[in-house]
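Structural overview
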Amino acid sequence: MVDFQDRPFGYSGFQSNAIVTPSTTSSAMSKNQDLRVAVHDRENEQLAVLVRRCGFILVASFLLLVPSSYLIAPLSPFGMVQPKEVEMFHRLVNAIPFLPESVAMFLKRTLSGDTAMSSKWFGVIAYVLPMLLASLAAGLVFFRLVRHREPINASIVHSLGRTAVVLAFACVAAYPIFTQDFWCSVAWSRMITDGNNPYYELFTTSSLSDIPLSHFEETMTYGPLWAITAAAVSFVSNRQVLVEFLLFKGILLVFWLLSLWLIRKTTESMSLKTQAIAICAFGWLPMSVHFSVGEGHNDISMVACILLWLFLVGRKRHCLAPLALMLSILFKYVTAPLILIEIWRGWSATKGQRWPYVLSLFACTGLSIAIFSPFFRDVQFFSGTRDMRNWHFFLPEHAITGLASRVGAWIGTSAGFCVLVAALCILVTAYVIHLFPSRMIGRMRTYWMALFGCCMVGWLALIGTVGHLLDDRWPGLEAFASQGIVRLGMGAVSLTCLVKFARERSMLHLAGVSLALLASILFTSIGHVWPWFVLWLLAVAALVRSEPLVRVVVPLALLSPFFNVYWILAPNWQFVQRGSNVMFSALFILVLLTWRLWDPSRDTIVAKSD
């Protein structure tokens, strides 16, 4: 039998009269090798040029966002002048030494919300334009890395990392535009140093002095470890607003850089392509660095501890891993369900030497009690966190309910016929999925996506029509059905990842099940999806294989920064709550557009050789 696999490129089986000698074969193989090397060098050079150019666009965009943030803030949210922010900006201008009077007056007028530069539409353009450029640049590099067929040079990985660090430092000077979470931490830190307990008491007059935060009825929502961190900042800063601003920004910067370093260390034994994609996913997508360092949300403290936990698991530090996970819970309670996965993992991994692991669990419990004890009195301690679940917006179930209601109202005159059509769409889709094996569906992706679209339309028509017909008898049926679809879907994803983890107890499968559980918590249990909550998913997704969930998380991370525009344009809070339809419809469209960019024949986050 003749084996043609090792023949030179361009060999034809009809060349039977050719005389093949060792020298000619060696020469052909050498030419083929030279050709592959040339292709590799050319591809990497093109990729390096793209990374440099897009990195320049990213840095320039974020540097443009820094002054823009101070112009947008006086009229955010809802286009209303924020007098406390204007007052603070004026104090900062007065504190600048040797500033000419004319320049000082110009800065005060510009930062007061009275000029055309502070209008709503200027705020939208000033925010959306640089964010759009940054997102396009980051997305272009990310999907170029995903599709890259040649091995990647180490210089590209280093370039990606350096640019990410520059972006983080550029965001330190940015002012938080859209929410008051950053200044809430400042006020709570002052309350602690005054001897007040922010988990049971509302903001005091003393804690709100000189900071742009209004008095409203809300107790502390973060974990006690963040309360201790904030108290340390207040003690060191001596209530100097500028010092508090820089110290909190510095803490968030350290956590973000630590997260980036942990991603690099976790993937350092993997292929260079894996490292490049992981760094680009976390370090380049604007949602990550902008919301963590720029907007000043402390979710990055929890994320850094999750990444530390996965890093320690990968290094087989079984006794230290529970401590890292417990720290993440003490910053924010979202990761509490993961402790069950950690105990399951640790109990299996330490078979034969379980006493040290059990002792580490007791040590984590004792540490938690020690950190809770300065603040905890009774279960009212969690009232602030519990009340947050009453905020309902940006949820996938709301998007399904809204679209289904519109479909049901539109087809209400011919409800019976439409129910029949919807049921047929579902049955036909299910039959075709059953008829074609999964590998054939993978090859026929366009056909599969069309079928999936038919199925979605069919389900929306069915839910909307039934809800329209039975609205008088069973009000809220559409919402109940939509909620059930989301919960069943996320439950199925989580169960699938759990089964994979049960079959193979690797760090990568642990990251996969963690991603699925965090996504389930975010979309079904929190009550709302703030755009910066997507950071929980993105950081873990940077370490996960090319699961379908990752293909949703990355487009969601690309879209998330743009939904802050609601805080500029919306006339009131109720208008923001209607954004679910736009958010998840845009996500669905973007997932469809980018789905084919993920090549299933290659592992896009972790190479098969890893």
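Along each chain, residues carry numbers from 1 onward, in the same order as the chain's sequence is written. Selection of residues for local features in this predicted model requires a pLDDT of at least 70, selection of side-chain atom pairs for listing and counting requires 80 or more, and totals for whole chains, interfaces and linings are taken over all residues. Each side-chain value is derived from all of the structure's non-hydrogen atoms; neither hydrogens nor water enter the calculation.

1. Some remarks on the overall build of the chain
Put simply, DSSP marks the helices as runs of H or I at least four residues long and the strands as runs of E at least two long, and each gets a number from the N terminus on. Each helix and strand counted, the chain has 27 helices and 0 strands in total. Here's how the labels work: a residue is buried when its accessible area is under 20% of the maximum for its type, exposed when over 50%, partly exposed in between, all with a 1.4 Å probe on protein chains only. Sorting the 610 residues of the chain into buried and exposed places 51% on the buried side. Residues count as neighbours in contact if any of their non-hydrogen atoms are within 4.5 Å of one another. Looking at the chain alone, contacts between residues at least 24 apart form 77% of all its contacts between residues at least 6 apart.

2. Looking at the confidence of the model for the chain
When pLDDT is averaged along the chain, the result is 80, and 76% of the positions lie at 70 or above. Within a predicted model, pLDDT stands for the predictor's per-residue confidence, ranging from 0 to 100. Mean pLDDT across the secondary structure elements of the chain bottoms out at helix H19 (residues 438-443), with 47, and peaks at helix H13 (residues 321-331), with 95. Confidence drops under pLDDT 50 across residues 437-444; counting only partners more than four residues distant or on other chains, this segment forms 4 contacts. Note that residues 600-610 has pLDDT below 50 and, in this model, 37 contacts with residues that lie over four places away or in other chains.

3. A short note on the side chain of Ser-328
Assignment of secondary structure puts Ser-328 in helix H13. The exposure class of Ser-328 is buried, given its relative accessible area of 0%. Among residues more than four places away in sequence, those in contact with Ser-328 are Met-302, Cys-305, Ile-306 and Thr-335.

4. Thoughts on the packing of H13 against helix H15 (residues 354-372)
Each pair of packed helices can be described by the angle between their axes along with the distance between the axes. For the pair H13 and H15, interaxial distance at closest approach is 9 Å and the crossing angle is 25°. Relative to H15, the element H13 lies roughly parallel. Our pair here, H13 against H15, has a crossing hand that is right-handed. In this structure, H13 contributes Pro-322, Leu-323, Met-326, Leu-327 and Leu-330 to the contact, and H15 contributes Tyr-357, Ser-360, Leu-361, Cys-364, Leu-367, Ser-368, Ile-371 and Phe-372. For the contact of H13 with H15, the class distribution of residues is 11 nonpolar, 2 polar and no charged. Axis definition: a line fit to C-alpha positions, over the contact stretch in the case of helices; interaxial angles, taken between N-to-C directions, run 0 to 180 degrees. For this classification, under 35 degrees means roughly parallel, over 145 means roughly antiparallel, 65 to 115 means roughly perpendicular, and everything else is oblique. Each helix crossing is assigned a hand: it is left-handed if the near helix lies turned anticlockwise from the far helix by less than a right angle, otherwise right-handed if that turn is clockwise. In this count, Pro and Cys sit with the nonpolar residues alongside Ala, Val, Leu, Ile, Met, Phe, Trp and Tyr, while Asp, Glu, Lys and Arg are called charged and the others, Gly among them, polar.

5. Points about the environment of Val-334
Inspection of the secondary structure assignment puts Val-334 in the loop between H13 and helix H14 (338-349). Separated by 192 residues in sequence, Val-334 and Ile-526 place their C-alpha atoms 8.7 Å apart. With residues up to four places along the chain from it excluded, the contact list for Val-334 reads Met-302, Leu-518, Ile-521, Ile-526 and Trp-536.

6. With respect to the pattern of salt bridges
Put simply, a salt bridge is a Lys or Arg side-chain nitrogen that is within 4 Å of an Asp or Glu carboxyl oxygen. For the structure on display, the rule yields 8 salt bridges. Here Arg-52 makes a salt bridge to Glu-45, at a shortest N to O gap of 3.8 Å. In this structure Glu-45 comes out as partly exposed when scored by relative accessible area, which is 45%. Measuring nitrogen to oxygen at the nearest pair gives 3.3 Å for the salt bridge that ties Arg-91 to Glu-87. One end of the pair, Arg-91, and the other, Glu-87, are both in helix H2 (residues 83-94), 4 residues apart, so they sit about a helical turn from each other. Glu-87 sits in the partly exposed class, given a relative accessible area of 45%. Linked by salt bridges that have partners in common, Lys-265, Glu-268 and Arg-315 make up one network.

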